[in-house]
Amino acid sequence: SVEASIPEPQRAAWRKFTPKPFSTTEEFEKETVRHIETTLARSLYNCDEAAAYAGTALAFRDRLVLDWNKTQQTQTFADQKRIYYLSLEFLMGRALDNAMLNVDKKDVAREGLDDLGFRMEDIISQEHDAALGNGGLGRLAACFLDSMASLNYPAWGYGLRYRYGIFKQEIVDGYQVEVPDYWLDFNPWEFPRHDITVDVQFYGNVNRWQDDEGKQQSSWEGGEIVKAIAFDVPIPGYKTPTCNNLRLWGSKAASGEFDFQKFNSGEYESSVADQQRAETISAVLYPNDNLERGKELRLKQQYFWCAASLYDIVRRFKKSKRPWKDFTSQVAIQLNDTHPTLAIPELLRILIDIEGLEWDEAWNIVQKTFGYTNHTVLPEALEKWSVPLMQHLLPRHLQIIYDINLHFLQFVERNFPKDREMLSRVSIIEESSPQMVRMAYLALIGSHKVNGVAELHSDLIKTTIFKDFVKIYGPDKFTNVTNGITPRRWLHQANPRLSELIASKLGGHEFLKDLTLLHKLESFVDEKEFRKDFRDIKYANKVRLAKHIKEHNGVTVNPAALFDVQVKRIHEYKRQQLNIFGVIHRYLQLKSMSAEDKKKAQPRVSIFGGKAAPGYWMAKTVIHLVNQVGKVVNSDPDVGDLLKVIFLEDYNVSKAEIITPASDISEHISTAGTEASGTSNMKFCLNGGLIIGTCDGANIEITREIGEQNIFLFGNLAEDVEDLRHAHLYEKYELDPQLAKVFESIRSGTFGDAGQFGALLNGIVEHGDYYLVSDDFASYVKTQELIDESFKNTEEWTSKMILSVARMGFFSSDRCIDEYAEAIWNVEPLVPKEDEK
Ligand code: T68
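Residues numbered from 1 in each chain as written. Predicted model: local features only at pLDDT ≥ 70, side-chain atom pairs only at ≥ 80, totals over all residues. Heavy atoms only, no water.

**Some remarks on the overall build of the protein chain**
Phase 1 of the analysis: Each helix and strand counted, the protein chain has 34 helices and 24 strands in total.
Phase 2 of the analysis: The C-alpha radius of gyration of the protein chain comes to 28 Å, within 12% of the 28 Å expected for a compact globule of 837 residues.
Phase 3 of the analysis: Dimensions of the protein chain, computed from C-alpha atoms along their principal axes, come out at roughly 95 × 75 × 60 Å.
Phase 4 of the analysis: Going through the 837 residues of the protein chain one by one, you find that 59% of them count as buried.
Phase 5 of the analysis: The contacts of the protein chain with a sequence gap of at least 6 include a subset with a gap of at least 24, amounting to 77%. (Helix = DSSP H or I, 4+ residues; strand = E, 2+ residues; numbered from the N terminus. Rg over C-alpha atoms; globule rule 2.2 N^0.38 Å. Buried < 20%, exposed > 50% of the residue type's maximum accessible area, 1.4 Å probe, protein only. Contact = heavy atoms within 4.5 Å.)

Given below as structure tokens:
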């Protein structure tokens, strides 16, 4: 703050000693050794790889911090609009490699580490993933942070500092076992800000009275206070001085006099219990993706994080001494799904109860401030909170939600006086017992823009879950921003050799800043040497994955085989079951094949990976089936190298960086209309992996960009899904005959105790096959056969790979962020300046 700044006469001395970032190998070594010897108190006699990692990370951290300070200073003085990205998940992965590449000093570090007796790859792999997310939604937030910094947007992320991120998955006897992920032992990337705290209130009651002017006033009193402490993480941009901030809140008991009294009067235990209860709020990430379970602690997490973040944002705004009407020209808040929706009633509470604004003015500010991104149309994933729970935990917020609803329903009634049914359909309160607060409606009503994450999905939300709201607000409130991925992590970092090959063709690494430049690769598609280099890189990446598989699964796979990969959270709608049934079908065919035919068969390695939510039995059954199939197939001498089935344990961001560049084919095979976008489809394509997929999510736009001859699409279309489901429920249906054979073999015990898989098969045979596995099976199998043939034609396959990469420019998260900035946030970039003299 201004009060704490150094007076002018002393600034010269200060500036003289401002640290300079290292640039040469020697300077890097000096910094690293200094950190190992002083910060860590180790020496050359006890420096293991963990210590070398720590020293290297600290040396790079110092560099980031200098840029970080400069960026924050520039943003404060520039006094222009900032983006606040509220996400309950940030699936960051590792930070060191990313930091080295972004500041363009990886080669310097490699040389320096070599001098000091270490190998770069060993040092990088010492780092524990920051796994504060479940899947696509959390990883999208991480890609967006990278893009916002790389494009110089003044932006902050706000999230929770979970002590335990997503659980570590172990496979024991073919079953998933969850192990806690204690990742904070040593984390050089976060800065605890013990001076930046917010008291967050829960429970209590609301007092209402009329003031002297007869105006209705409300205040929220009593209850319990929990303290939020800020932990800041620097987010460097690629080859730019911008370094943004990710602020994660940790919870602590508010140690007031009350606790001291308790402590002194001998109630030591109960004061410790208070402490632990408070810390529980930020203890653990809920491990469900696309499923909501309505747990009280989850609601507490949401409010704790929203309240702390909004307090912080408002505090920063108030420092500018601007009038409230300027708030919307200074602040844009993006809600990543409905998880932060309580920020809407919370901002209203601050503006009305604390700052004394009138409803209309406050509401106007709120609506202009917020944007809401929807990530799903699955009914089981739409958040609803029970009214009694909300009444108990957040009594004032419930009143405000009722007020929002009242104003909204009055507006609807005025505009649609004849449609009485509409009111109950669009009410924020669902009239069930207990009553429920529909968070998606609240988020939509409280925002000026709502966006889906791929074209099909953005169309679907307008015709399904938000249909009435399109009538009420008109279509302009709804927009599409197709997801993207950061090419820095998902090409340059994960696949350095391909990145270098592309750079050698395009004359530099500019494409990492403007991914559309990849289109220039098309002109080299027929160049023999380039084609060979391209194939060699794919092969080398497959060798690396094969080595990983040997080490972790004990199975030898042939890198020349076709690698078929499906890695993502395990979910019925994503249909890993379709994939494994397809694998069993292939196995049965191989078993009955003549030796002559076997010679013509395409060798394959089927690779699965992904976590199941701990309480999701069907998903766990799928994991078990994959492992059982692997056990049988991998040791069957009739099959040999023609088929291997691998389940990779503990799929996470750092494993994705090894797996993604090594696929020939990856599977994105959700039932049409269920996968909002998908983002791993983009990652695989960008690395020269082809796709087998349904007409769902971003697959459709990928097809449009790369051309339908370069992708393998199959299956029913979204527009037909409803009718098919209906027919399954009300008419007799036949199982696909090839699938029936697969089921027979499972039921006969080929893959172990068939009882284990009963529910999985019955869901398809007897209970309506909600995800249309049987309906899509024949076309899936046929398409896989087509892939075998296509892969054998190496030249044709090479062209497809190269053209795919060349045409992926659209799917950079930089393009997404520019679209959000233009259509939703109305913010401009801002490049950090040198300290003013
Ligand atoms: C994913 N959603 C979508 N949700 O499934 C995917 N959900 O299609 C899309 O590409 C991606 O978001 C990015 O837009 C999720 O990953 C969750 O992880 C989640 C977590 C908690 C509660 C609900």
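**Thoughts on the site of the ligand**
Phase 1 of the analysis: Taken together, 20 residues sit near the ligand, with Leu137, His375, Asn483, Glu675 and Gly678 positioned nearest.
Phase 2 of the analysis: Here a nitrogen atom of the ligand and a backbone polar atom of asparagine 290 are 3.0 Å apart.
Phase 3 of the analysis: Within the backbone of serine 677, a nitrogen or oxygen atom sits 3.0 Å from an oxygen atom of the ligand.
Phase 4 of the analysis: In the complex, 96% of the free accessible area of the ligand, which totals 510 Å², lies under the protein chains.
Phase 5 of the analysis: With respect to the pocket detection grid, the ligand is positioned in the largest cavity.
Phase 6 of the analysis: Top element by residues in the shell around the ligand is helix H7 (residues 136-150). It accounts for 3 residues.
Phase 7 of the analysis: Tallied by class, residues from the shell around the ligand come to 5 nonpolar, 10 polar and 5 charged. (Near = heavy atom within 4 Å. Polar contact = N/O pair within 3.5 Å; in protein donor to acceptor, adjacent residues only side chain to side chain. Areas by Shrake-Rupley, 256 points an atom, 1.4 Å probe, with all protein chains shown as cover. 1 Å grid on protein atoms, 1.4 Å probe; cavity = no way out; pocket = protein on both sides within 12 Å on 5 of 7 lines; lining within 4 Å. Sits in = over half its atoms within 2 Å of the grid points. Nonpolar A, V, L, I, M, F, W, Y, C, P; charged D, E, K, R; others polar.)

**Structural notes on the sheet that holds strand S20 (residues 604-609)**
Phase 1 of the analysis: Ordered in space as S21-S20-S19-S22-S23-S24, the 6 strands form an open sheet in which the pairing is parallel. Two strands bound the open sheet, and with one partner strand each, they are strand S21 (643-648) and strand S24 (712-713).
Phase 2 of the analysis: Of the strand pairs in this sheet, strand S23 (residues 690-693) and S24 are connected by 2 bridges, and their pairing is parallel. Each residue of the ladder has a partner; that of glycine 693, found in S24, is leucine 713. (Pairing = 2+ DSSP bridges.)

**Focus: the layout of surface pockets**
Phase 1 of the analysis: Its boundaries defined by the atoms lining it, the second largest pocket holds a volume of some 1,200 Å³.
Phase 2 of the analysis: What lines the second largest pocket is a set of 36 residues, and nearest its centre among them are Arg94, Ser125, Arg544, Ser654 and Ile658.
Phase 3 of the analysis: Of all the elements in the fold, those that place two or more residues in the lining of the second largest pocket are helix H5 (106-116), helix H6 (120-124), helix H21 (496-506), helix H22 (528-553) and helix H26 (653-659).
Phase 4 of the analysis: Among the elements that make up the lining of the second largest pocket, the one with the highest residue count is H22 (7 residues).
Phase 5 of the analysis: When its residues are assigned to classes, the lining of the second largest pocket shows 8 nonpolar, 9 polar and 19 charged. (Points joined across faces, edges and corners; volume = space filled by probe spheres on them.)

**What about the sheet that holds strand S14 (residues 384-386)?**
Phase 1 of the analysis: Read across the sheet, 3 strands follow the order S14-S16-S15 without closing on themselves; strand pairing throughout is antiparallel. Edge positions in the sheet fall to S14 and strand S15 (429-430), since each of these pairs with one other strand and no more.
Phase 2 of the analysis: Across 3 bridges, S14 lies against strand S16 (residues 436-438) in antiparallel orientation. Note on S16: the bridge partner recorded for tryptophan 385 is valine 437.

**Digging into empty space enclosed by the protein**
Phase 1 of the analysis: Applying the stated rule across the entire model yields 6 cavities of 30 Å³ or more.
Phase 2 of the analysis: The space that makes up the largest cavity amounts to roughly 800 Å³.
Phase 3 of the analysis: For the largest cavity, the lining is made up of 44 residues, of which Asn134, Gly135, Gly136, Leu137 and Arg569 are closest to its centre.
Phase 4 of the analysis: For the lining of the largest cavity, the secondary-structure elements that each account for two or more residues are H7, H26 and helix H27 (680-686).
Phase 5 of the analysis: At 4 residues, H7 tops the list of elements feeding residues into the lining of the largest cavity.
Phase 6 of the analysis: The residue inventory of the lining of the largest cavity, partitioned by class, reads 15 nonpolar, 17 polar and 12 charged.
Phase 7 of the analysis: Within this model, the second largest cavity holds a volume of roughly 50 Å³.
Phase 8 of the analysis: Along its surface, the second largest cavity is lined by Lys568, His668, Ser670, Glu675, Ser677, Gly678, Asn681, Asp696 and Asn699.

**Section: the packing of aromatic side chains**
Phase 1 of the analysis: Inspection of every chain in the model, using the stated rule, returns 35 aromatic pairs.
Phase 2 of the analysis: Relative to phenylalanine 186, the ring of tyrosine 53 lies with its centre 6.5 Å away and its plane at 85°, an arrangement referred to as edge-to-face. Here the residue tyrosine 53 occupies a position in helix H3 (residues 49-78), and phenylalanine 186 occupies one in the loop between strand S6 (175-179) and strand S7 (191-202), the gap between them amounting to 133 residues.
Phase 3 of the analysis: For tyrosine 53, a relative accessible area of 5% translates into the label buried.
Phase 4 of the analysis: Residue classification places phenylalanine 186 among the partly exposed positions, given a relative accessible area of 41%.
Phase 5 of the analysis: For the pair phenylalanine 466 and phenylalanine 469, a centre-to-centre distance of 6.3 Å together with 90° between the ring planes defines the contact as edge-to-face.
Phase 6 of the analysis: Taking the relative accessible area as the measure of exposure, phenylalanine 466 reaches 1% and is therefore buried.
Phase 7 of the analysis: Judged by relative accessible area, which is 1%, phenylalanine 469 ranks as buried. (Phe/Tyr/Trp six-rings, centres within 6.5 Å; stacked < 30°, edge-to-face > 60°.)

**Some remarks on the environment of alanine 95**
Phase 1 of the analysis: Structurally, alanine 95 can be placed in the loop between strand S2 (90-93) and helix H4 (96-102).
Phase 2 of the analysis: With relative accessibility at 24%, the residue alanine 95 sits in the partly exposed group.
Phase 3 of the analysis: In contact with alanine 95, other than residues within four places in its own chain, are Glu127 and Trp189.

**Things to note about the nonpolar core**
Across soluble globular proteins, nonpolar side chains show a tendency to be buried alongside one another.
Phase 1 of the analysis: Of all hydrophobic cores here, the largest spans 224 residues; its most connected members are Met148, Phe202, Trp249, Ile404, Phe466, Phe581 and Trp825.
Phase 2 of the analysis: For this core, the element with the most residues is helix H10 (residues 296-319), which contributes 11 residues.
Phase 3 of the analysis: Not counting residues up to four positions away in its chain, the partners in contact with isoleucine 404 are Ile344, Leu348, Trp359, Trp363, Ile428, Leu442 and Ile445.
Phase 4 of the analysis: Counting 24 residues, the second largest nonpolar core, distinct from the first, contains Phe22, Phe28, Trp68 and Ile123. (Core = buried A, V, L, I, M, F, W, Y, C linked by side-chain atoms within 4.5 Å.)

**Examining the packing of helix H30 (residues 737-747) against helix H31 (residues 758-765)**
Phase 1 of the analysis: Two elements in contact, H30 and H31, have axes separated by 11 Å at closest approach and are oriented at 155°. It follows that H30 is roughly antiparallel to H31 by the angle criterion. Here the hand of the crossing between H30 and H31 comes out left-handed. The segment H30 lies against H31, with Leu739, Phe743, Ile746 and Arg747 engaging Leu761, Asn762, Ile764 and Val765.
Phase 2 of the analysis: Among the residues forming the contact of H30 with H31, the class breakdown is 6 nonpolar, 1 polar and 1 charged. (Axes fitted to C-alpha atoms, helices over the stretch in contact; angles between N-to-C directions. Parallel < 35°, antiparallel > 145°, perpendicular 65-115°, else oblique. Left-handed = near helix turned anticlockwise from the far one by under 90°.)

**Quick notes on H31**
Phase 1 of the analysis: Among all positions in H31, only Gly758, Leu760, Leu761, Gly763 and Ile764 are buried.
Phase 2 of the analysis: The secondary structure elements touched by the buried residues of H31 are helix H23 (576-591), helix H25 (617-634), H30 and helix H32 (773-792).

**Some thoughts on the side chain of threonine 621**
Phase 1 of the analysis: Position of threonine 621 relative to the elements: it lies in helix H25.
Phase 2 of the analysis: Judged by its relative accessible area of 16%, threonine 621 falls in the buried class.
Phase 3 of the analysis: Apart from residues no more than four positions distant in its own chain, threonine 621 is found in contact with Gln756, Phe757 and Leu760.

**Focus: the confidence of the model for the protein chain**
Phase 1 of the analysis: With 98% of its residues at a pLDDT of 70 or more, the protein chain shows a mean pLDDT of 96.
Phase 2 of the analysis: Listed scores for the predicted complex are pTM 0.98 and ipTM 0.99. (pLDDT = per-residue confidence, 0-100.)

**Some details on the environment of arginine 247**
Phase 1 of the analysis: Relative to the elements of secondary structure, arginine 247 occurs in strand S11 (residues 243-253).
Phase 2 of the analysis: Along the chain, arginine 247 and methionine 618 lie 371 residues apart, while their C-alpha atoms are 36 Å from each other.
Phase 3 of the analysis: Apart from residues no more than four positions distant in its own chain, arginine 247 is found in contact with Trp156, Gly157, Tyr158, Gly159, Ile196, Ala230, Phe231, Asp232, Asp312 and Arg316.
Phase 4 of the analysis: At a separation of 2.7 Å, a polar atom in the side chain of arginine 247 contacts the side chain of aspartate 232.

**Observations concerning the side chain of serine 774**
Phase 1 of the analysis: Structurally, serine 774 is set in helix H32.
Phase 2 of the analysis: Assessed through its relative accessible area of 7%, serine 774 is described here as buried.
Phase 3 of the analysis: Among all residues touching serine 774, those that are not within four sequence positions of it are Glu734, Leu735, Asp736, Leu739, Ile764 and Asp769.

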